[in-house]
Amino acid sequence: MAAAESSSIEVPRIASSSQPADRDQGLAAIGGNVGAVWRGWWTWTPGNGTFNLQIAWNVIGINSTVVITASEIDGNSGNRFVGAAPFQVSSIAPGNGLVTFKINIGWNSPLPMRTDVLVFN
């Protein structure tokens, strides 16, 4: 679920994603105080302004540490690049099977983006 906080035209929606690992996949323990790490990515329909976005993923728990990066992608191949528009991720809040985060795309027209997500448990 996404909630718009600006007057932009449309809230970004997930367009595609990697095939993230499931909690039951039996990955090897990492060590220290981290038992497992997962990585996945999601592309989103174009947007601009500030939104609360969510990603559902069963490896996320309320005590997970979740790191999210966002970048602009080109419309043809989905390749990430650094353009003139700032992409800012903040207020990352993991829950049971879900992470909610705030994204701000500082541009006057909608831009497509990709989010990369790391989950540490």
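Before going into details, it helps to say that this report is about the structure given with it. Quick caveat: nothing in here was measured; it's all calculated off a predicted structure.

Turning to the overall build of the chain, a few remarks are in order. In terms of helices and strands, the chain carries 0 helices and 9 strands. Across the chain, helices and strands are ordered from the amino to the carboxyl terminus as β-β-β-β-β-β-β-β-β. Out of the 121 residues in the chain, the part that is buried amounts to 36%. In the chain, once contacts between residues fewer than 6 apart in sequence are set aside, the share between residues at least 24 apart is 73%. When the accessible surface of the chain is summed, it comes to about 6,600 Å², and 52% of that surface belongs to carbon and sulfur atoms.

As a further point, take the nonpolar core. Residues Trp 57, Val 117 and Val 119 are the most contacted members of the largest nonpolar core, which totals 22 residues. Beyond its immediate chain neighbours, meaning those up to four positions away, Val 119 contacts Ala 36, Val 37, Trp 38, Trp 57, Val 59, Ile 60, Ser 64, Thr 65 and Val 66.

This brings us to the sheet that holds strand β3 (residues 37-47). Two orientations exist for strands paired in a sheet by backbone hydrogen bonds: parallel and antiparallel. Taken in spatial order, the 5 strands line up as β2-β3-β9-β5-β6 in an open sheet, and their pairing is antiparallel. Strands with a single pairing partner mark the edges of an open sheet, and in this sheet they are β2 (14-17) and β6 (80-81). One ladder, built from 8 bridges, connects strand β5 (residues 65-73) with strand β9 (residues 111-120); its direction is antiparallel. Following the sheet pairing, Glu 72 is matched in β9 by Met 113.

By the definition in use, this model includes 3 salt bridges. With a closest N to O distance of 3.1 Å, Asp 116 and Arg 80 form a salt bridge. One end of the pair, Asp 116, is in strand β9; the other, Arg 80, is in strand β6, with 36 residues separating them in the sequence. Judged by its relative accessible area of 10%, Asp 116 falls in the buried class. You can call Arg 80 partly exposed: its relative accessible area is 44%. We note a salt bridge from Arg 114 to Asp 116, for which the minimum N-O separation is 2.8 Å. Asp 116 carries the same exposure label as Arg 114, and that label is buried. Several salt bridges converge on common partners, so that one network encompasses Arg 39, Arg 80, Arg 114 and Asp 116.

What counts and what doesn't
- Residues numbered from 1 in each chain as written.
- Predicted model: local features only at pLDDT ≥ 70, side-chain atom pairs only at ≥ 80, totals over all residues.
- Heavy atoms only, no water.
- Helix = DSSP H or I, 4+ residues; strand = E, 2+ residues; numbered from the N terminus.
- Buried < 20%, exposed > 50% of the residue type's maximum accessible area, 1.4 Å probe, protein only.
- Contact = heavy atoms within 4.5 Å.
- Areas by Shrake-Rupley, 256 points an atom, 1.4 Å probe, with all protein chains shown as cover.
- Core = buried A, V, L, I, M, F, W, Y, C linked by side-chain atoms within 4.5 Å.
- Pairing = 2+ DSSP bridges.
- Salt bridge = Lys/Arg side-chain N within 4 Å of Asp/Glu carboxyl O.

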